[in-house]
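Chain and residue survey
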Amino acid sequence: MKTLSATALLFTMTAPVIAETYHLDPTHTEIRFYYNHAGLTEQSGEWTGMSGTIDFDPENVNATSANISIDTSSLATGVSPLDDHLKSADFFDIEAFPKATFVSTSAIQTGAQTLRLIGDLTIKDQTKPTTLDVSMKFMGTHPLGGFFDYYKGDWVGVEASGTLLRSEYGVGMFAPGTSDVVRLEISAEMRAGGWN
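Read on for an overview of the structure. Quick caveat, the model's predicted, so the values are computed rather than measured.

A few words now on the overall build of the chain. Counting secondary structure elements, the chain contains two helices and ten strands. The C-alpha radius of gyration computed for the chain amounts to 18 Å, which stays within 12% of the reference 16 Å derived for 196 residues, consistent with globular compactness. Its C-alpha atoms give the chain principal-axis dimensions of roughly 50 × 40 × 30 Å. Burial statistics for the chain: of 196 residues in total, 42% are counted as buried. Once local pairs closer than 6 in sequence are excluded, the contacts in the chain between residues at least 24 apart make up 60%. Here the chain has roughly 10,100 Å² of accessible surface; of this, 56% comes from carbon and sulfur atoms.

Here the focus is the packing of aromatic side chains. Within this structure, the stated rule accounts for ten aromatic pairs. Their ring planes at 50° and their centres at 6.4 Å tell us that Tyr-150 and Trp-155 sit as a pair that is tilted. For Tyr-150, a relative accessible area of 30% puts it in the partly exposed group. Residue classification places Trp-155 among the buried positions, given a relative accessible area of 1%. Ring plane angle 75° and centroid distance 5.9 Å describe the contact between Trp-155 and Trp-195, whose orientation is recorded as edge-to-face. Taken together, the residues span a long stretch of sequence, with Trp-155 in strand 9 (residues 154-165) and Trp-195 in the segment after strand 10 (181-192) at a distance of 40 residues.

With that settled, consider a nonpolar patch on the surface. A cluster of nonpolar side chains, contributed by Leu-144, Phe-147 and Phe-148, occupies part of the molecular surface with about 340 Å² of accessible area. Looking at the secondary structure, you find Phe-148 in the loop between strand 8 (126-141) and strand 9. Assessed through its relative accessible area of 47%, Phe-148 is described here as partly exposed.

Checked against the element boundaries, Leu-117 lands in strand 7 (residues 114-123). Note: C-alpha distance between Leu-117 and Tyr-22 (95 residues apart in sequence) is 16 Å. Each residue touching Leu-117, except ones within four places of it in the same chain, is listed here: Thr-64, Ala-66, Phe-102, Ser-104, Ser-106, Ala-107, Thr-130, Thr-131, Leu-132 and Val-134.

Going through the model one piece at a time under the given rule, you end up with five salt bridges. For Glu-30, the salt bridge is made with Arg-32, and the minimal N-O distance between the two is 2.4 Å. The class of Glu-30 is partly exposed, set by a relative accessible area of 39%. By relative accessible area, which is 18% here, Arg-32 ends up buried. Of the charged contacts in the structure, one is a salt bridge between Arg-183 and Glu-42, with a shortest N-O distance of 2.7 Å. One end of the pair, Arg-183, is in strand 10; the other, Glu-42, is in strand 2 (residues 41-47), and 141 residues separate them in sequence. Ionic contacts of the salt-bridge type, sharing partners, join the residues Glu-42, Arg-183 and Glu-185 into one network.

With that settled, the discussion passes to the side chain of Asp-83. Relative to the helices and strands, Asp-83 is located in helix 2 (residues 80-87). The buried charged residue Asp-83 lacks any salt bridge, with Lys-87 as its nearest oppositely charged partner at 5.4 Å. At 2.6 Å, the side chain of Asp-83 forms a polar contact with the side chain of Thr-77. Look past the residues within four positions of Asp-83 in its chain and what remains in contact with it is Leu-75, Ala-76, Thr-77 and Gly-78.

By the bridge criterion, eight bridges tie strand 8 to strand 9 in an arrangement that is antiparallel. Across the sheet, Val-134 pairs through a bridge with Ala-160, a residue of strand 9. Two elements, strand 9 and strand 10, share eleven bridges in a ladder whose sense is antiparallel. By the bridge assignment, Trp-155 is partnered in strand 10 with Arg-191.

Conventions used here
Residues numbered from 1 in each chain as written. Predicted model: local features only at pLDDT ≥ 70, side-chain atom pairs only at ≥ 80, totals over all residues. Heavy atoms only, no water. Helix = DSSP H or I, 4+ residues; strand = E, 2+ residues; numbered from the N terminus. Rg over C-alpha atoms; globule rule 2.2 N^0.38 Å. Buried < 20%, exposed > 50% of the residue type's maximum accessible area, 1.4 Å probe, protein only. Contact = heavy atoms within 4.5 Å. Areas by Shrake-Rupley, 256 points an atom, 1.4 Å probe, with all protein chains shown as cover. Phe/Tyr/Trp six-rings, centres within 6.5 Å; stacked < 30°, edge-to-face > 60°. Patch = residues over 30% accessible without salt bridge, like charges linked within 9 Å, V, L, I, M, F, W, Y side chains within 5 Å. Salt bridge = Lys/Arg side-chain N within 4 Å of Asp/Glu carboxyl O. Lys, Arg positive; Asp, Glu negative; His and termini not counted. Polar contact = N/O pair within 3.5 Å; in protein donor to acceptor, adjacent residues only side chain to side chain. Pairing = 2+ DSSP bridges.

Nothing here speaks to function; it is geometry throughout.
Here you go:
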C-alpha cells in the first residue's frame, strides 16, 4: 500500500522532502461550518480571519502538528442580523472570547494522502477533544510563484473536515431544534516558512 511519504516523493522535482513549518495563507484559507436549520435546510457560515502553522514531515507523517487561531469576530453568514446574534453573548460572545483555537495533540496517517489530526478545540471557555480528517491536495512549488512574489517557495494545499456538538462549547441556543451537530469544512493553502 502506498504511503503519504511515497506520494510526497512525486513532488521531489519541485520541492525537497524535509520537515517544514507551513504558515496558513489567510487569503486562501476557508473555515466553513454547516448546520441543519430546524429540519428545513442546511445553512452555512464561515470565519474569514485566522492564523496558524502546521509542522509537516512527509517522511514522518505521524509527527504532524497544528496550532490554529480563529478570529471569532470574522464570523460571516451573509445575513447581518444573524451575524450580530451569533457574535453576541448568546453564542460566541466575541467581546469576551475574541479567539477560538485548535491545537493538535496527535496525528495518525490513514492513507496515501490522508491523515487524522486529533486535538483540543477551544471555543469560549470550553476545551474539548476533536478530530479532523485531512486530505493532502498539493505539495511543491506554487504554480503562481513565477508570476507573483507572494507565491514563491514551497506550498501545501489541504482539505479537512470534522463534526462537533455546539452545545459542548457554550453556543447551543435553540438546539436541537436547530441542529446541535455542526460540520466543519476547511480548505487551506500554506507556505513553508511564512512570509518573513
